[in-house]
Amino acid sequence: MSPSDPRLPFSPESSPDGAGARERIPLAEPDLRGRELEYVTDCVRSGWISSIGPWVDRFERELAQYVGVRRALTTANGTVALHLALAALGIGPGDEVIVPALTFAATANAVLYCGATPVLVDVREEDWGLDPRLVAEAVTPRTRALLPVHLYGHPCDLEPLLALARRHDLAVVEDAAEALGALYDGRPAGSFGDISCFSFYGNKLITTGEGGACLTSRADLAERMALLRDHGMNKARRYWHDELGFNYRMTSLQAAVGVAQLERIEELVAARRRNAAAYRERLADLPVGFPPESARVRSTFWMFNLLLGSEPRWERDAVMRQLAAAGVDSRPVFYPLPEMPLYARYVRPGQEFPVASRLGARGLSLPSATTLRPAEIDRVAAAVRSALGRVP
Ligand SMILES: Cc1ncc(COP(=O)(O)O)c(C=O)c1O
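What counts and how
- Residues numbered from 1 in each chain as written.
- Predicted model: local features only at pLDDT ≥ 70, side-chain atom pairs only at ≥ 80, totals over all residues.
- Heavy atoms only, no water.
- Near = heavy atom within 4 Å.
- Polar contact = N/O pair within 3.5 Å; in protein donor to acceptor, adjacent residues only side chain to side chain.
- Helix = DSSP H or I, 4+ residues; strand = E, 2+ residues; numbered from the N terminus.
- Pairing = 2+ DSSP bridges.
- Domains from an automatic or database assignment.
- Contact = heavy atoms within 4.5 Å.
- Buried area = accessible area lost by both parts, 1.4 Å probe.
- Salt bridge = Lys/Arg side-chain N within 4 Å of Asp/Glu carboxyl O.

Participant: If you had to explain the site of the ligand to someone new, which residues and values would you point to?
Facilitator: Surveying the vicinity of the ligand reveals 16 residues, the closest of which are Gly78, Thr79, Asp175, Glu178 and Ser199. One of the side-chain N or O atoms of Glu178 is found 2.5 Å from an oxygen atom in the ligand. One of the side-chain N or O atoms of Ser199 is found 2.7 Å from an oxygen atom in the ligand. Mapped by element, the contributors of at least two residues to the shell around the ligand are α3 (78–88) and α4 (106–113). In terms of residue count, α3 provides more of the shell around the ligand than any other element does, three residues in total.

Participant: An account of the sheet that holds strand β6 (residues 183–184) is needed here, citing residue identities and associated values.
Facilitator: Spatially, three strands are ordered β7-β6-β11 in an open sheet, and the strand pairing comes out antiparallel. The two strands at the open ends of the sheet, each matched to only one other strand, are β7 (187–188) and β11 (297–298). The sheet contact formed by β6 and β7 spans two bridges and is antiparallel. When the bridges of β7 are listed, Leu183 appears paired with Pro188.

Participant: Go over the domain arrangement of the chain with me, naming the residues and quoting the values.
Facilitator: Split into domains, the chain comes out as domain 1 (36–123 + 130–263) and domain 2 (265–387). One C-alpha centre belongs to domain 1, the other to domain 2, and the line joining them spans 25 Å. Counting residues at the interface gives 42 residues for domain 1 and 38 residues for domain 2. Summed over the three residues of domain 1 that lose the most area to domain 2, namely Leu120, Tyr152 and Leu205, the buried surface amounts to 26% of that side. Note that Asp185 is salt-bridged to Arg296, the shortest N-O span being 2.7 Å. There are 22 residue pairs in polar contact (both at pLDDT 80 or more) connecting domain 1 and domain 2.

Laid out in structure tokens, this is it:
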């Protein structure tokens, strides 16, 4: 595990309640200062540790309520949530699904698991999400769905995408893995598509260790996802399987942690937004770019990204090495999918991705945990200034 890997274990040294300064400031860490232990203890004491029981029901109910949709189905992680959503929509070989060129690989992988084709489309500067104009050009008679991503906690521009989907009779699956707590026109991200998918991995705004969920207000899709999540087993005749399903369920232990996390969600969003404001203030005079926040949204700033300008031409990876030497974790913004050979084969002739390429080459994420202390933000800011050759 490299020092810049966000997937770091929660260690006593980095405990938010631990005393003293930390040698290394992690990029991300879970914030488990609520009732997590109490609720997990209840699971163990009561024997509800597998995937049925009151904690899964409660987490699903409260999640649906928070996002403002009718149903939530928890899953083992966010990647299988995406696969379950696409499978429930009947996406298969020969179908095309439009995905942004800049995202975590799981978005495109879920399309590939279905045997369908991911169609890569560039993102916009304003929100780092799918560019609706380019999406309109990418639609073909084979297009079945749009898979917009709310990258780094900033909702993409949903209104034109939803209008386009209606016009062409396309399904919309929101990849809201990084965006629980974000708002678009005052409504929660994840409440707009036919289905929305979340991740509760250890570095997310709320975590269940590993975990995810599919949310929908459509009863038919909720039923379909429930069936496929549980081996495709016939509801009326147990152990009779009519079709190929999966075991994508979440455990009660995870759900109990999720319930405790969800109780604190507004506090967690506020902490991330405070981090972002503090970074902006401390780095305001540097010739670097900051994450966008369009007028229509509340971003959660799940990760706070710095965009290095082209003048002076700082080398991103060298900056990251200097930060690491100063005890500050960072990570590059996602590599654009078209740049990786695995996905380059889905690039259409003549297609270019200037925005994704620039963000992918010039962006880096700074420590963004809700557990960061003000003095640590000062330390990160000083390390950034020093790495960029400015006097701290
Ligand atoms: C945009 C995006 N989609 C999907 C996923 C997959 O979630 P998970 O890691 O829980 O499988 C992630 C996160 O890791 C993500 O960032």
